[in-house]
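This is what each chain is made of:
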There are 2 protein chains.
Amino acid sequence: MKKIEHIGIAVENLEFSNQLFEKLLGVAAYHSESVAHEGVETLFFKSGPNKIELLAATNPESSIAKFLAKKGEGIHHIAFEVDDIEQEIIRLKQEGFIFIDEFPKKGADNKRVVFLHPKNTNGVLIELCQEIK
Amino acid sequence: MKKIEHIGIAVENLEFSNQLFEKLLGVAAYHSESVAHEGVETLFFKSGPNKIELLAATNPESSIAKFLAKKGEGIHHIAFEVDDIEQEIIRLKQEGFIFIDEFPKKGADNKRVVFLHPKNTNGVLIELCQEIK
């Protein structure tokens, strides 16, 4: 776990929230990306050494659509940057943590990502991410 | 807004979550502190340039106790570090944001803190914090 790479925030309307977070953070978003297989559209802001990722659903069956329906807008996950995602999965499994995904998959912003199950992490959805070189 | 200073996570049992986050992050907590007037006990972990703050209630009327009763364990707030908290309050009020507190108050970890109202920030509870010199 090197550092917090980003915080993911689920929003209903990406256009509205883009303006809101631009005002809040005092900087414009630097990157937008759709991840079709996740049914999600994303927008990234830099915040010092970290990023804020806004997530909106493009598909009513997506995990973001389900999160919004259940919990409403708000913080969705914390992503930690790791150097070796396979090694970190092994370490955390040995510590008793459970993963949602069996293997890392391609995420937004040029990353391989994997999620831990929040039932073992105090209700916090945690992502591990490793930059694709 | 210089950077994310910390992420606050509401937990039921600080002792249990201390062990859990030590395993997750691979480091031990470096600081613990009770904030009596908030009815909260805190524990801090370093994560690269940021911190994770675990928050447990010491008083059933505290905002953490109410959060846990309503939403359960999970991410409670994001705190952004600022150089001049009064100036940042003025800037954000001009942008239309609403504050929970009228003035900054003393928080944990040697900070002056103020919270924005989450109804204007996509359901995200946002803290501004400035280190006390």
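As the structure is a prediction and not an experimental result, all values here were calculated from the model.

**Q** Explain the pattern of salt bridges to me, using residue names and the numbers behind them.
**A** Residues and elements named next belong to chain A. With the rule as written, the count across this model stands at 22 salt bridges over all chains. When the shortest N-O distance is used, the salt bridge between Glu 5 and Lys 111 registers 3.4 Å. Of the two residues, Glu 5 sits in strand 1 (residues 3–10) while Lys 111 sits in strand 7 (residues 111–116), which places them 106 residues apart along the sequence. The buried category is assigned to Glu 5, whose relative accessible area is 5%. A relative accessible area of 3% places Lys 111 in the buried class. Note that Asp 101 and Lys 105 form a salt bridge whose closest N and O atoms lie 3.3 Å from each other. Its relative accessible area of 13% is what places Asp 101 among the buried residues. By relative accessible area, Lys 105 is classed as partly exposed at 29%. Through salt bridges with shared partners, one network takes in Glu 5, Lys 51, Asp 109, Lys 111 and Glu 131.

**Q** Can you explain the pairing of strand 4 (residues 50–57) of chain B? Please cite residues and give values.
**A** All names here are of chain B. Strand 4 sits mainly inside the fold: 7 of its 8 residues count as buried. Both strand 1 (residues 3–10) and strand 4 contribute to a ladder of 5 bridges, which runs parallel. Along strand 4, the bridge assignment pairs Gly 8 with Glu 53. Pairing of strand 3 (residues 40–47) with strand 4 involves 8 bridges; the strand directions are antiparallel. Considered in strand 4, the bridge of Lys 46 is made with Lys 51.

**Q** Quick rundown of the nonpolar core? Include the residues and the values.
**A** Of all hydrophobic cores here, the largest spans 56 residues; its most connected members are Ile9(A), Ile52(A), Ile9(B) and Ile52(B). Sequence-distant contacts of Ile9(B), that is, excluding residues within four places in its chain, are made with Ile78(A), Val124(A), Phe21(B), Ile52(B), Glu53(B), Leu54(B), Leu55(B), Gly74(B), Ile75(B) and His76(B).

**Q** Please set out the interface of chain B and chain A residue by residue, giving values where relevant.
**A** It is common to give the size of an interface as the accessible area that goes away when the parts come together. Counting from both sides, the interface comprises 37 residues of chain B and, opposite them, 36 residues of chain A. Summed over both sides, the interface between chain B and chain A buries roughly 2,900 Å², with carbon and sulfur atoms accounting for 68% of that surface. Three residues, Leu24(B), Ile75(B) and Asn122(B), lead the burial of chain B against chain A; their summed loss comes to 24% of the area buried on that side. Inspection of the chain B/chain A interface yields 0 salt bridges.

The rules we used
- Residues numbered from 1 in each chain as written.
- Chains lettered and ligands numbered in written order.
- Predicted model: local features only at pLDDT ≥ 70, side-chain atom pairs only at ≥ 80, totals over all residues.
- Heavy atoms only, no water.
- Salt bridge = Lys/Arg side-chain N within 4 Å of Asp/Glu carboxyl O.
- Helix = DSSP H or I, 4+ residues; strand = E, 2+ residues; numbered from the N terminus.
- Buried < 20%, exposed > 50% of the residue type's maximum accessible area, 1.4 Å probe, protein only.
- Pairing = 2+ DSSP bridges.
- Core = buried A, V, L, I, M, F, W, Y, C linked by side-chain atoms within 4.5 Å.
- Contact = heavy atoms within 4.5 Å.
- Buried area = accessible area lost by both parts, 1.4 Å probe.

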